[in-house]
Amino acid sequence: MSAPTTSSTSTSSAAGRTPAAEPVPTGVQTLPFAKAINAGLRAALGGDDKVLLMGEDIGPLGGVFRVTDGLQASFGADRVVDTPLAESGILGTAIGLALRGYRPVCEIQFDGFIFPAFDQITTQLAKMHYRSRGRLTVPVVVRVPYGGGIGAVEHHSESPEVLFAHTPGLRVVSPGSPQDAYTMIQEAIASPDPVLFFEPKGRYWEKGAVDLSEGPYGRRAAEQQETADVQDVAADEQPVRESITVREPVTVSEANGFSTLNTAVVARPGTDLTLVAYGPTVATALKVAEAAASEGTSIEVVDLRSISPLDTDTVVESVRKTHRCVVVHEAPTFLGTGAEIAATVTERCFYDLEAPVLRVGGFHTPYPVAKIEHEYLPSLDRVLDAVDRSLAF
Amino acid sequence: MTAPIEPTEALQTDEDAPVQLVAPDGSRVSDDRNAPYRARTSHLGTEELRGLYRDMVLVRRFDTEATALQRQGELALFAPLLGQEAAQIGSGRALAPQDVAFPSYREHGVAHTRGLDLAEILRLFRGVDHGGWDSEAHNFHLYTLVIGSHSLHATGYAMGVQRDGLVGTGDPERDTAVITYFGDGATSQGDVSEALGFAAVNNAPVVLFCQNNQWAISVPTSTQSRVPLYRRGAGFGVPSVRVDGNDVLACYAVTAEALERARSGGGPTFIEAVTYRMGAHTTSDDPTRYRTRAEEDYWRDRDPIARLHALLVAEGAWDDEAAAALEAESEALGERIRTSVRALGKPAAASMFDHVYATDHQVVSRESAWFESYESSFTDQGGHR
Ligand SMILES: Cc1ncc(C[n+]2csc(CCOP(=O)(O)OP(=O)(O)O)c2C)c(N)n1
């Protein structure tokens, strides 16, 4: 009693499709977060045959948030792979593929479902390079939609980033703007180190300008476009074009523009207080700064971008200027990113501080039910309250 | 890497045909293979068959109502069971009162057979509760959203039942079995394989009931397995059966046999109920992106409720009076679901600090106290945000 079409017709047709020759788009576009990541993935898939995506429902469905929308249609089911429903399996096989020279980008459907893969990520992925004394690299990216605010059910709104940041060997990052989302996903893929790429799912629909010539693959696509244009002009005299199709794998390093994964960025300059945020709270922090400005307070917003490594220099430089610091994240504050920053800032800026470093974040409770999640999340009001407390010292 | 797109059917043999007692047209099926199962349903008379039909109609009504409530913005999300009524009612009705069920998140039909008020379940989907029903009162554990996890809990629970000497005593009031429900996608999780292993080597009184509804969100069963799922049991030494999941009598009989084996000390059974998820995976899902109309039509013709209806009619066990009574009952259920869901208020924000630990915890107490004073600072000012 089997249906006539039990096998996935959609998957098989996609599998038969040959990778598209369509050029990777360049130029500046206004894109929502999710589409910016999609464009970054497209650039990487188009720029390096060794890049492949794997995960649950990322093919014909395009992922439950549509972040991989259209990618299987363009690149085929060998490059954009719907896996069995097994996170440990996804990460474990990704490690094997990476050891074989591939660059797997794994999607974990929701934050709360990363834990079946926790063992592979923390005991295996994080330690391969170290154990092999640098002989082995495992360039695996793990994309995780995380954070709350979308009215979801249990296990769909968590912020487990510090569980990974506490593990040496992993890079843990989270973009705060569509532009960074686009650039950072590419740098994560080109990074020889494993990267946990936390996507603020509550911001997926928020738009921003994205320069598609940014990022290692975007830059390459833009350069190729230029070469192609030049050759088009010169086509009559010189019809040779092969150079465009010869592709060295892209890898990033300090030397060739490995920037967003290592450095925080000042998202808004200010003089009276430093507000440190990342991922979903960057937008909140910017709104707080806006609101505070109307009351005459000048807030500098630092977007960390990366939690591990933590760019404390940028934070310290800002605090030396403003003398006050508030850290905002959705994850519980207890033993969290804010605690780390507070300790570091206290050590390095003790004599510059006018107030203790304050934290605004989640409580030491499981993520609560949707109806009261806004009381749990660091809201505009709660951040403003901390800003007032800091200024009152 | 080649995508695993080979259809599972290619590797199926005649032996893999599911146990069936009623054909899609409502006629009874008698063959050598189903003889022992037929025997297990011989005591089901008109009243019992009507009861199974009533169960299925009521949970479908609940399902329709919940889906509508989600569309009206009253629920954050809903996971419909549409199409899986026979698998759930058949297996659920085979349970003895003392048996314990460990569901995933779509087992509304099983919940109904356990006497749980279906409105309780919607608290979870409305976002006012993480699923805080009294699982011991109903021998129906909390829903589990992390795929496959609870198959191990069920197995461990069954190991406990066995240690407590509640297996093989011969006393039908005492002997206890455990059943766990999961989907075809879940069989790919390590936890489910580990559950099969633990169940087998411990001879645990557990039934692992897989509802193969053909899809794990957008991914067909052929992406999970190259062989029919029920065959996975064999490698672990767990007796396994494949049953027509849209045939409520077959589901009842196969589960009843497995539960009895478990209660009597015969150990675990793996059941694959071949069924179909007729609706979306959840209300956030769009099935048109991954499946065809032809496939949906094929399965609509195998609707489990229509099948039992045809049987009741053919056997003269159904009439207008019964139909009207059931219609009134399901109308009343729908009304009650609507009103009770709309009446569910927002929990107090401070309740998020309750029950994080069973004993005092300084971090939580401190944060809770801070939150209280923070909240009251707004009311003190006479307003709220
Ligand atoms: C560990 C884990 N990974 C991913 C998910 C997201 N998810 C929820 S349901 C689902 C598909 C489940 O399919 P199946 O096991 O066949 O059960 P069905 O929903 O079809 O009854 C997925 C991938 C999850 N809940 N848990």
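From a predicted model like this one, the values you see are computed outputs, not experimental measurements. (Residues numbered from 1 in each chain as written. Chains lettered and ligands numbered in written order. Predicted model: local features only at pLDDT ≥ 70, side-chain atom pairs only at ≥ 80, totals over all residues. Heavy atoms only, no water.)

This next bit is on the site of the ligand. Taken together, 21 residues sit near the ligand, with Glu87 of chain A together with Tyr105, Arg106, Leu145 and Gly185 of chain B positioned nearest. The ligand sits at the junction of chains A and B, each of which supplies nearby residues. At 2.6 Å from an oxygen atom of the ligand is found a side-chain nitrogen or oxygen belonging to tyrosine 105 of chain B. In this structure, arginine 106 of chain B approaches the ligand through a side-chain N or O atom, which is 2.7 Å from an oxygen atom. Burial of the ligand by the protein chains amounts to 95% of its free accessible area of 580 Å². Classifying every residue of the shell around the ligand gives 11 nonpolar, six polar and four charged. (Near = heavy atom within 4 Å. Polar contact = N/O pair within 3.5 Å; in protein donor to acceptor, adjacent residues only side chain to side chain. Areas by Shrake-Rupley, 256 points an atom, 1.4 Å probe, with all protein chains shown as cover. Nonpolar A, V, L, I, M, F, W, Y, C, P; charged D, E, K, R; others polar.)

The next thing to look at is the sheet that holds strand β3 (residues 80–82) of chain A. All names here are of chain A. Strand order in the open sheet formed by seven strands is β3-β2-β4-β5-β7-β6-β12, with mixed pairing between adjacent strands. If you trace the sheet from one side to the other, it starts and ends with β3 and β12 (306–308), each paired once. Averaged over all pairs of adjacent strands, the angle between their axes in this sheet comes to 20°, without regard to strand direction. Pairing of strand β6 (residues 171–173) with strand β7 (residues 195–200), which is carried by three bridges, proceeds in the parallel orientation. By the bridge assignment, valine 172 is partnered in β7 with leucine 196. Sheet contacts for helix α8 (residues 178–190): β2 (51–55), β4 (103–107), β5 (141–146), β6 and β7; angle to β7, the most-contacted strand, approximately 160°. (Pairing = 2+ DSSP bridges. Helix = DSSP H or I, 4+ residues; strand = E, 2+ residues; numbered from the N terminus. Axes fitted to C-alpha atoms, helices over the stretch in contact; angles between N-to-C directions. Contact = heavy atoms within 4.5 Å.)

Per the UniProt record, the feature "domain: Dehydrogenase E1 component" (unreviewed entry) sits at residues 54–332 of chain B. Secondary structure across residues 54–332 of chain B comprises 46% helix and 11% strand; the distance between its end C-alpha atoms is 13 Å. (UniProt positions renumbered as here; feature names shortened; annotations may be inferred.)

Take the sheet that holds strand β2 (residues 178–183) of chain B next. All names here are of chain B. The five strands are arranged β1-β2-β3-β7-β6 in an open sheet whose pairing can be described as parallel. For this open sheet the edge positions go to β1 (100–102) and β6 (240–244), each flanked by a neighbour on one side alone. Neighbour-to-neighbour, the strand axes of this sheet turn through a mean angle of 20°, independent of strand direction. Direction of pairing for β6 relative to strand β7 (residues 269–274): parallel, over a ladder of five bridges. Bridge pairing links valine 241 to isoleucine 271 in β7.

With 86 residues, the main nonpolar core has Leu91 and Leu196 of chain A as its most contacted residues. Split by domain, this core shows at least three residues from each of two domains, domain 1 (28–211) and domain 2 (265–392) of chain A. When near neighbours in sequence (up to four residues on either side) are disregarded, leucine 91 of chain A contacts Cys106, Ile108, Ala117, Gln120, Ile121, Leu125, Val140 and Val142 of chain A. Val153 of chain A together with Tyr53, Leu75 and Ala87 of chain B belong to the second largest nonpolar core, which has 72 residues in total. (Core = buried A, V, L, I, M, F, W, Y, C linked by side-chain atoms within 4.5 Å. Buried < 20%, exposed > 50% of the residue type's maximum accessible area, 1.4 Å probe, protein only. Domains from an automatic or database assignment.)

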